[in-house]
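Observations on the three-dimensional arrangement
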Amino acid sequence: MNCAQVRKLLAEEGSDVPGVEIRDHLDECPGCARFAERLKLAAEILRNHQSGTEPDAGFATRVVAALPTSSADLLGWAAMRLLPATLALALVLTVWALAATPSPTSLVEQALGDDLWSWILDSPGGES
Amino acid sequence: MELALSITMGLESGTEPAREEAALVAACRRGDEDAFARLVRRHEKRVFRLAGRFFRQPEEVEEVAQQTFLTIWQKLDTYRAKAPFEHWLTRVCLNCCYERLRKQKVRSEPLDEDYAAASSEPTARLEVERLLEVLPATDRFILLLLHGEEWSVAEIAERLGWSRANVKVRAHRARKKLRQLLAEEL
C-alpha cells in the first residue's frame, strides 16, 4: 500500500481505527503518520465546533416583530416592489407625451398651411 | 449528538405535545402571531444549536435563526404535516445555513479559536484550523454534518431533502479537498 492509497483510505474512512495494513504503513512512514494526526485533529475540531450561542428571552418577540404580516408592511413591500415599474412607466409616458405634442413652430407652420388651403379653396374659381 | 437524537425521535403523533404543536401550527396558519411566538419559543434552542454548528459569531447565529423562523412563517402553507414539524424546521434551518455559507466567500474567523489556544499542540492545531478556513464553505458544511452532527449520508440526505447520490458526491469532494490541503502542508 503506497502513501496516496493510505491517505485516501484515512480520509474516506477516518483515522480513529486504522486497519493493520494502514497501521504498519503509518509506523514506517513519518509523513503519513503526520497526515493521520492532522486528519484526526481536523475531525476533532469539526466535531467540537459549536458556538454555544443561546437565544435570549426577547428572541421570539423580535422574530414576531419582524414578520411581514401587517397591512402597512405589505403596502410598503408592494410599494417597494412596484416602484421601479411605476417609474419606468411614468418615464415612457412622459417621453410619449413629449413626442406626441407638436412644437410651437410646427403649429405655426400648420396654421399657415391651413390658411393657404382655405384661401385657395375659398377664392373664386378655386374649386373648379 | 443530543440534537441529532432529538431530531430523529421527534414528537410522536397522537401524544399530547404533538397535538399541542399541531394546534399551534394550525393557529399560525390562520395568522395568529401569539401562537407563532409560542412555536418559536418551543424550538428556538434547537435552531440556535444547529446554526451554532456553522457560525461562531452570536449575531450570525441569531440572524440565521431569525431567517429560519421567518421562512417557516412565510412557507407554513407548504408544510404538509406528514413528517414531524421538527424535521421540517431542521430542513429549513439547514438550508438557511447552507445558503448563508454559500454566499460567504472567505471565512473571516477561525473555526475554533478557543480550542486552538487551549491545545497541547497549538501549532498543529492552528495549522489545521487555517486549512479548514481555506476549505470552501459548502465543503465545510458537509464535513460539519458528518463529523459534528455525526449524521450518515442517508440522514443528511433525508434532512436536507437532497438525493443520497448528491450528498455522497459532495462528501467525497469535501474529503478529497481536505486530504489535498493536509497533504500540501506536509
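Below you will find a few notes about this structure. Keep in mind the model is a prediction, meaning the values are calculated, not measured. (Residues numbered from 1 in each chain as written. Chains lettered and ligands numbered in written order. Predicted model: local features only at pLDDT ≥ 70, side-chain atom pairs only at ≥ 80, totals over all residues. Heavy atoms only, no water.)

**Points about unusual backbone geometry**
Residues and elements named next belong to chain B. Here is the rule we go by: Each helix is a run of H or I in the DSSP string that is no shorter than four residues. Each strand is a run of E no shorter than two, and both are numbered from the N terminus. Working definition: with a 1.4 Å probe on protein chains only, accessible area under 20% of the residue-type maximum means buried, over 50% means exposed, and in between means partly exposed.
A positive phi angle is found at Glu150, which is not glycine, with a value near 60°. Checked against the element boundaries, Glu150 lands in the loop between α8 (137-148) and α9 (153-160). The class for Glu150 is partly exposed, based on a relative accessible area of 41%.

**Examining the nonpolar core**
All names here are of chain B. Quick note on the threshold: Joining through side-chain atoms within 4.5 Å is the link that ties buried Ala, Val, Leu, Ile, Met, Phe, Trp, Tyr and Cys residues into a set, and such a set is a nonpolar core. In this entry, domain limits derive from an automatic or database-based domain assignment. By the convention used here, residues are in contact when the closest approach between their heavy atoms is within 4.5 Å.
Counting 76 residues, the largest nonpolar core has Phe36, Phe54, Phe85 and Phe141 as the members making the most contacts within it. For this core, the domains that each give at least three residues are domain 1 (17-104) and domain 2 (115-186). If we ignore the near neighbours within four places in the chain, the residues touching Phe85 are Glu21, Val25, Leu39, His43, Ile72, Leu76 and Tyr79.

**Quick look at the pattern of salt bridges**
Pairing is possible between side chains that carry opposite charge, provided their charged atoms lie close to one another. Residues and elements named next belong to chain B. The criterion, for reference: Here a salt bridge means any side-chain nitrogen of Lys or Arg lying within 4 Å of a carboxyl oxygen belonging to Asp or Glu.
Under the definition given, this model contains 12 salt bridges over all chains. Notably, a salt bridge pairs Arg46 with Glu86, separated by 3.6 Å at the nearest N-O pair. You can see Arg46 sitting in helix α3 (residues 33-54) and its partner Glu86 sitting in helix α5 (residues 85-103), a full 40 residues away along the chain. In this pair, the class of Arg46 matches that of Glu86, namely buried. A salt bridge links Arg100 to Glu63, with the nearest nitrogen and oxygen atoms 2.8 Å apart. Here Arg100, found in helix α5, pairs with Glu63, found in helix α4 (residues 58-74); they are 37 residues apart in sequence, far enough to count as distant. Taking the relative accessible area as the measure of exposure, Glu63 reaches 43% and is therefore partly exposed.

**Digging into the packing of aromatic side chains**
Residues and elements named next belong to chain B. Note the following rule: Each Phe, Tyr or Trp ring (for Trp, its six-membered ring) is paired with any other whose centre lies within 6.5 Å, and the angle between the two planes then decides the class: stacked below 30 degrees, edge-to-face above 60, tilted in between. Two thresholds decide whether a charge sits over a ring: the Lys NZ or Arg CZ must be within 6 Å of the ring centre and within 35 degrees of the ring normal.
Tallied over the entire structure, the rule returns 10 aromatic pairs over all chains. With 5.2 Å between their ring centres and 75° between their planes, Tyr98 and Trp162 make a pair best called edge-to-face. With Tyr98 in helix α5 and Trp162 in the loop between α9 and α10 (164-185), this pair connects stretches of sequence that are 64 residues apart. For Tyr98, a relative accessible area of 9% gives the class buried. A network of ring pairs unites the aromatic residues Phe54, Tyr98, Phe141 and Trp162 as a single cluster. Stacked on the ring of Phe55, the Lys or Arg Arg100 has its end atom at 5.8 Å from the ring centre. It is Arg159 that lies over the ring of Trp151; its NZ or CZ is 4.5 Å from the centre.

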